Amino acid sequence: MSRITVVGAGYVGLVTAAGFAHIGHSVAVLETDPHRLGRLRQGRLPIHEPGLAEMVADAVAAGRLEFGDNYAEIVPSSEFVVLAVNTPPLPDGSADTSFVFAAVEMLLPYAEPGLVVVTKSTVPVGTGDDIERLFFEGGIGDVHVASNPEFLREGSAVDDFMRPDRIVVGTESHVVARRVAELYAGMDAPVLFTSRRSAELAKYAANAALATRISFINEIAAISEAVGADVDEVSRIVGLDSRIGPRFLQAGLGWGGSCFPKDLAALAATARGHDRRTPILSAVMDVNNQQRVRAVEHLLDATRGALEPTVAVLGLSFKPETDDLRGSPALAVIRQLVTAGVHIRAHDPRAMEHARLLVPEVHYAQDPYNAAAGADALLLATEWPEYLQLDWRRMRTTMRGSLVLDGRNALHRGLLTSLGFDYRSFGRPAGRTSDGARVRPAIGRASPTAHESPATGNASTAAATTRTLNPVG
């Protein structure tokens, strides 16, 4: 087994380090933030990810995982150094690689010939060339750089690491490619050997393709509303085509997270830097932004004329099973509503502690029912399982108004309309309640109506389908 140093104890770094340690490697994590390092040494993880805390604890107990901040002590004994630091967007959309190169500068004095530097960070095409050049100019010519992009989905990252769809190794050296691939020995996944630049571009291309599918179905949802079609049914028909498949074809508030927004912007910036236009990427981002605008319009319509207009928001993280607020559709909607003078009462099972720092003007409720108390409208922004099992009769008596805007098309519309809610979603047509009353036109997603549970329940079957096909990365 190999000795690996992982630079960065963020989302990718922690999952990667814990995964490598779990399969038997000796792993040291370099983290220069003293507060985060202290928490890690106490066994307290800075992120929520199912199964990760247990994997970290087991690896530490087995002596295969440690945390430190001293490059001089850790790097010289390493065969591999994995760069897993953040690459946030700059104002022009391009990726900020300053953390990557700061880490490389810290490595230079301690790197020894034969070291393999592996980039897990999502970096612009050509970054690996620049890193390798820095080592050469520093007098260490036998340090090799390989691109090994990650394809982790928040909420299922541990499983994604242990059971990947593919392992990509980008380098110009066959020997180095084999050495990196051997780190994953025993995993049942195809290994793709590519040039370093192709590997760097592939991560951006993969995220762009997934985001494109979501924006595409949201655009179809808008057309569905206009012509009286049902986007759920359209999505099911399209998804059954073996050339297309059903995943990432769920209409709703759109995509968010740490990867899609910044990676699409960075890919477009790379194209601009090489005098290439990206009309598809621009349209994908525009459609996604428009989904939040449409949600705000419906919520403002429901609160118009109300004394102290109030909206309840259920879900703040960009997807279930994570506390990550980066690119959160919920926060985008909340900020627009607050600007319009609307009071917000919000709840999230995991993300409220972080949200208080970003939008302190929001009232953070102890539970969903408290969040809905006195609200003129309610937005389901994140389809946490507990929200799909709420007592909607109780919610109806708690709210002042009647609008429920299902931002994930995850709730049972028949149940809610039968209880007297003004239920709206994305791309679903007008329908009828059990007493024959007309249901208002919807606004957009694809949890297939054939899978909705009976009107006496709380959409548990539909919820399971929705979570399986979660569209936000």
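Residues numbered from 1 in each chain as written. Predicted model: local features only at pLDDT ≥ 70, side-chain atom pairs only at ≥ 80, totals over all residues. Heavy atoms only, no water.

### What to know about empty space enclosed by the protein
What the rule picks out here adds up to 1 cavity of 30 Å³ or more. Its boundaries defined by the atoms lining it, the largest cavity holds a volume of some 50 Å³. It is helix H9 (residues 196-227) that provides the largest number of residues to the lining of the largest cavity, a total of 3 residues. Of the residues in the lining of the largest cavity, the class split is 3 nonpolar, 4 polar and 3 charged. (1 Å grid on protein atoms, 1.4 Å probe; cavity = no way out; pocket = protein on both sides within 12 Å on 5 of 7 lines; lining within 4 Å. Points joined across faces, edges and corners; volume = space filled by probe spheres on them. Helix = DSSP H or I, 4+ residues; strand = E, 2+ residues; numbered from the N terminus. Nonpolar A, V, L, I, M, F, W, Y, C, P; charged D, E, K, R; others polar.)

### Quick look at the pairing of strand S13 (residues 403-406)
Of the two faces of S13, both are covered, the one formed by Leu-403 and Leu-405 as well as the one formed by Val-404 and Asp-406. Relative to S13, strand S12 (residues 377-380) runs parallel, the two being bridged by 4 bridges. By the bridge assignment for S13, Ala-377 is matched with Leu-403. Tracing the backbone out of S12, into helix H16 (residues 392-398) and back to the parallel element S13 gives a crossover that is right-handed. After leaving S13, the chain enters helix H17 (residues 413-418) and then returns to the sheet as strand S14 (residues 422-424), a path that is right-handed. (Buried < 20%, exposed > 50% of the residue type's maximum accessible area, 1.4 Å probe, protein only. Pairing = 2+ DSSP bridges. Right-handed = clockwise from strand over helix to strand, strands pointing away.)

### Description of the nonpolar core
Among the nonpolar cores identified, the biggest contains 43 residues, and Leu-52 and Leu-65 are the most heavily contacted of them. With sequence-adjacent residues up to four places away left out, Leu-52 is seen in contact with Leu-14, Val-15, Ala-18, Leu-45, Ile-47 and Val-158. Counting residues in each nonpolar core, the second largest holds 33 residues, with Ile-217, Val-311, Ile-344 and Met-352 among its members. (Core = buried A, V, L, I, M, F, W, Y, C linked by side-chain atoms within 4.5 Å. Contact = heavy atoms within 4.5 Å.)

### Points about the side chain of Arg-292
Summarising the element assignment, Arg-292 is placed in helix H12 (residues 279-303). Despite its burial, Arg-292 pairs with no opposite charge, the nearest such side chain being Asp-286 at 11 Å. Setting aside residues up to four positions removed in sequence, Arg-292 forms contacts with Leu-253, Gly-254, Trp-255, Gly-256, Gly-327, Pro-329, Ala-332, Val-333 and Gln-336. (Lys, Arg positive; Asp, Glu negative; His and termini not counted. Salt bridge = Lys/Arg side-chain N within 4 Å of Asp/Glu carboxyl O.)

### Quick notes on helix H11 (residues 260-273)
For H11, which comprises 14 residues, the first-to-last C-alpha distance of 20 Å matches the rise-based estimate of 20 Å (1.5 Å per residue) to within 8%. Within H11, 10 of the 14 residues are buried, which leaves it mostly tucked inside the rest of the structure. In this structure, the buried side of H11 is in contact with H9 and H12. (Expected span 1.5 Å × (residues − 1).)

### A few points about the packing of H9 against H11
Here H9 crosses H11 at 115°, and the two axes come no closer than 9 Å. Looking at the two axes, H9 sits roughly perpendicular to H11. For the element pair H9 and H11, the recorded crossing hand is left-handed. Together, Leu-201, Lys-203, Tyr-204, Asn-207, Ala-208, Leu-210, Ala-211 and Ile-214 of H9 and Phe-260, Asp-263, Leu-264, Ala-266 and Leu-267 of H11 make up the contact between the two elements. (Axes fitted to C-alpha atoms, helices over the stretch in contact; angles between N-to-C directions. Parallel < 35°, antiparallel > 145°, perpendicular 65-115°, else oblique. Left-handed = near helix turned anticlockwise from the far one by under 90°.)

Shape descriptors only; they carry no functional weight alone.
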